[in-house]
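Below are the chains, spelled out letter by letter.
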Amino acid sequence: MENKSGVTTKIWLDPWIPGQADFKPIVRSDVLLLQNEATVDSLLLTNPLRWNIPLLGSWFEPGTVRNILKIHLPASPSDDRWVWTLSHSGSYSVKIAYHSLNSAAIIAPSLSPLSSANWNKIWQLKVHARFQLLLWKSLWNMLPTRGMGLLVGLLWS
């Protein structure tokens with residue numbers, strides 16, 4: 001979330017703080033009352049627009065406060081907007097998501113059922129792409145079966 005005014009961004013429900021693990025604030029352990037509907041604009045002072053540092057310090061852990069203070073406040077408020085943090089433009093693309101997942105090495109090479117040389121042979125086969133995908137899914141045990149559906153909580157009739 002990119003805060004421009006904070007009017008539509010919920011403090012406790014929306015991911016809005018860069019630098020936080022899940023972009024959400026960590027509340028101080030001695031804070032008892034949280035208003036779910038409170039918005040980020042309630043953390044701001046006006047004339048000039050700035051963060052209410054005493055309020056931030058009373059609600060949030062110091063690391064969260066530091067990350068909030070790094071958020072640039074615009075000279076004049078405008079609408080908040082959702083941004084894709086993995087791209088420079090803030091726009092989502094499948095290409096960027098794919099490269100991000102690959103660079104994160106979600107699947108360790110040692111867990112692959114085949115070596116990379118054998119995978120290359122599969123992708124170079126002169127067969128229909130659907131057959132290659134079927135082969136890939138079967139080797140990774142990813143075919144949609146009744147047992148797999150029950151495993152992920154789906155029921156097929």
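Residues numbered from 1 in each chain as written. Predicted model: local features only at pLDDT ≥ 70, side-chain atom pairs only at ≥ 80, totals over all residues. Heavy atoms only, no water.

Caption draft 1: Spotlight on the overall build of the protein chain. Looking only at helices and strands, the protein chain features six helices and two strands. In the protein chain, the succession of α and β elements from N to C terminus is β-β-α-α-α-α-α-α. Out of the 157 residues in the protein chain, the part that is buried amounts to 24%. Considering only residue pairs separated by 6 or more positions, the protein chain has 51% of its internal contacts joining residues 24 or more positions apart. In the structure as shown, the protein chain presents an accessible area of about 11,300 Å², 61% of it carried by carbon and sulfur atoms. (Helix = DSSP H or I, 4+ residues; strand = E, 2+ residues; numbered from the N terminus. Buried < 20%, exposed > 50% of the residue type's maximum accessible area, 1.4 Å probe, protein only. Contact = heavy atoms within 4.5 Å. Areas by Shrake-Rupley, 256 points an atom, 1.4 Å probe, with all protein chains shown as cover.)

Caption draft 2: Molecular detail of the environment of T64. Considering the arrangement of structural elements, one finds T64 in helix α2 (residues 62–69). On a C-alpha basis, the gap between T64 and F23 in space is 9.6 Å, while along the polypeptide they are 41 residues apart. Among residues more than four places away in sequence, those in contact with T64 are I17, Q20, P25 and I26. One polar contact links T64 to Q20, side chain to side chain, over a distance of 3.1 Å. (Polar contact = N/O pair within 3.5 Å; in protein donor to acceptor, adjacent residues only side chain to side chain.)

Caption draft 3: Expanded view of the confidence of the model for the protein chain. Across the protein chain, pLDDT averages 80, with 82% of residues at or above 70. Model confidence for the protein chain, summarised as mean pLDDT per element, is weakest for helix α6 (residues 146–151) at 57 and strongest for α2 at 96. (pLDDT = per-residue confidence, 0-100.)

Caption draft 4: Just unusual backbone geometry, in detail. Backbone torsion omega between N47 and P48 reads -5°, so that peptide bond is classified as cis. Among the structural elements, P48 can be located in the loop between β1 (44–45) and β2 (50–51). The phi torsion at F23 lies on the positive side, around 65°, for a residue other than glycine. Considering the arrangement of structural elements, one finds F23 in the segment before β1. Overall, F23 belongs to the partly exposed group, its relative accessible area being 27%. Look at N47: it is not a glycine, yet its phi comes out positive at around 55°. Summarising the element assignment, N47 is placed in the loop between β1 and β2.

Caption draft 5: Structural detail: the pattern of salt bridges. The final tally for this structure, using the stated rule, is two salt bridges. K10 is the salt-bridge partner of E37, the closest N and O atoms lying 3.5 Å from each other. Of this pair, E37 sits in the segment before β1 while K10 is found in the segment before β1, placing the two residues 27 residues apart along the sequence. With a shortest N-O distance of 2.7 Å, D30 and R28 are connected by a salt bridge. (Salt bridge = Lys/Arg side-chain N within 4 Å of Asp/Glu carboxyl O.)

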